[in-house]
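Observations on the model geometry
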Amino acid sequence: MTVHTTIDSPLGELLLVGEESPQSPDGLRLASLSMTGQKGAARILDGWRHAPAAFDGIARQLAAYFAGDSKDFDVQFSTHGSDFQERVWHAIDTIPYGATTSYGRLAEQIGVPRAAVRAVGSAIGANPLLILRPCHRVVGSTGALTGYAGGLERKEYLLGLEGARPATLL
């Protein structure tokens, strides 16, 4: 069953959507974390159950991240993208806290030509797990802040929270 809740954050209200899963330690696999006003944000659908308690562990981890007390998340995901999207998302998962990389370097990392940066950017834009899958750590080739489904001001906030220097690329 699909469950959902909202939590407050320094970025505004976050919508968390998950799938109940007896195989997960906390009984939940997170399918989406989206922000108010986000391009392509999840919308609550009929039949979904409001279950704030199911997200207590994730909410605690997010609060610790925003407080600067945690750099990592231990969350089971349930996302479904194309093979290409999954490759890009896996590469995003490897970008360390406080670091940035460019779209071109991410393309090279997954073995596609740098000319495929638009496709990489589209896959990043389809990331259903903002913050947790750190697409905010991907910047332009010059280190400039470019594209973020949650808005560039939120991307800037997240990179600042992490102490990232966008002009210093991996």
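First, a word on what this report is: a plain description of the structure on this page. Owing to the predicted nature of the structure, the values given are computational and were not obtained by experimental measurement.

What follows concerns the pairing of strand 3 (residues 28–35). Across the 8 residues that make up strand 3, a large majority, 7, are buried. Pairing geometry for strand 2 (residues 14–20) and strand 3, over 7 bridges, is antiparallel. Paired with L15 across the strands is S34, a residue of strand 3.

Looking at the element boundaries, T2 is found in strand 1 (residues 2–7). Relative accessible area serves as the criterion here: at 15%, T2 is assigned to the buried category. Of the polar contacts made by the side chain of T2, one reaches the side chain of E19; its length is 2.7 Å. Filtering out sequence-adjacent residues up to four positions away, T2 remains in contact with V17, G18, E19, G47, W48 and R49.

Before going further, it helps to spend a moment on the nonpolar core. The biggest cluster of nonpolar side chains holds 40 residues, and the ones touching the most others in it are L62 and I131. For this core, the secondary structure elements donating two or more residues are strand 1, strand 2, strand 3, helix 1 (56–66), helix 2 (83–93), helix 3 (103–109) and helix 4 (117–125). For L62, the contacting residues outside a window of four places in its chain are I7, L14, L16, L33, F73, I131 and L132.

For the rest of this paragraph, the subject is the sheet that holds strand 1. With mixed pairing, the 4 strands of this open sheet are ordered in space as 3-2-1-4. At either end of the open sheet lies a strand with only one pairing partner, and these are strand 3 and strand 4 (49–50). Bridge count for strand 1 against strand 4 is 2 bridges, and the pairing is parallel. Looking at the pairing, H4 lines up with H50 of strand 4. The strands touched by helix 1 within the sheet are strand 1, strand 2 and strand 3, with strand 2 carrying the most contacts at an inclination of about 145°.

In this section: helix 1. For helix 1, the set of buried residues is I58, L62, Y65 and F66. Summarising the axial view, the buried residues of helix 1 lie within an arc of 90°, below the 170-degree limit, and thus occupy one face. On its buried face, helix 1 is in contact with strand 1, strand 2, strand 3 and helix 5 (152–161). Just downstream of helix 1, G68 is the residue with a positive phi angle, here 80°.

What counts and how
Residues numbered from 1 in each chain as written. Predicted model: local features only at pLDDT ≥ 70, side-chain atom pairs only at ≥ 80, totals over all residues. Heavy atoms only, no water. Buried < 20%, exposed > 50% of the residue type's maximum accessible area, 1.4 Å probe, protein only. Helix = DSSP H or I, 4+ residues; strand = E, 2+ residues; numbered from the N terminus. Pairing = 2+ DSSP bridges. Polar contact = N/O pair within 3.5 Å; in protein donor to acceptor, adjacent residues only side chain to side chain. Contact = heavy atoms within 4.5 Å. Core = buried A, V, L, I, M, F, W, Y, C linked by side-chain atoms within 4.5 Å. Axes fitted to C-alpha atoms, helices over the stretch in contact; angles between N-to-C directions. Arc of directions from axis to C-beta.

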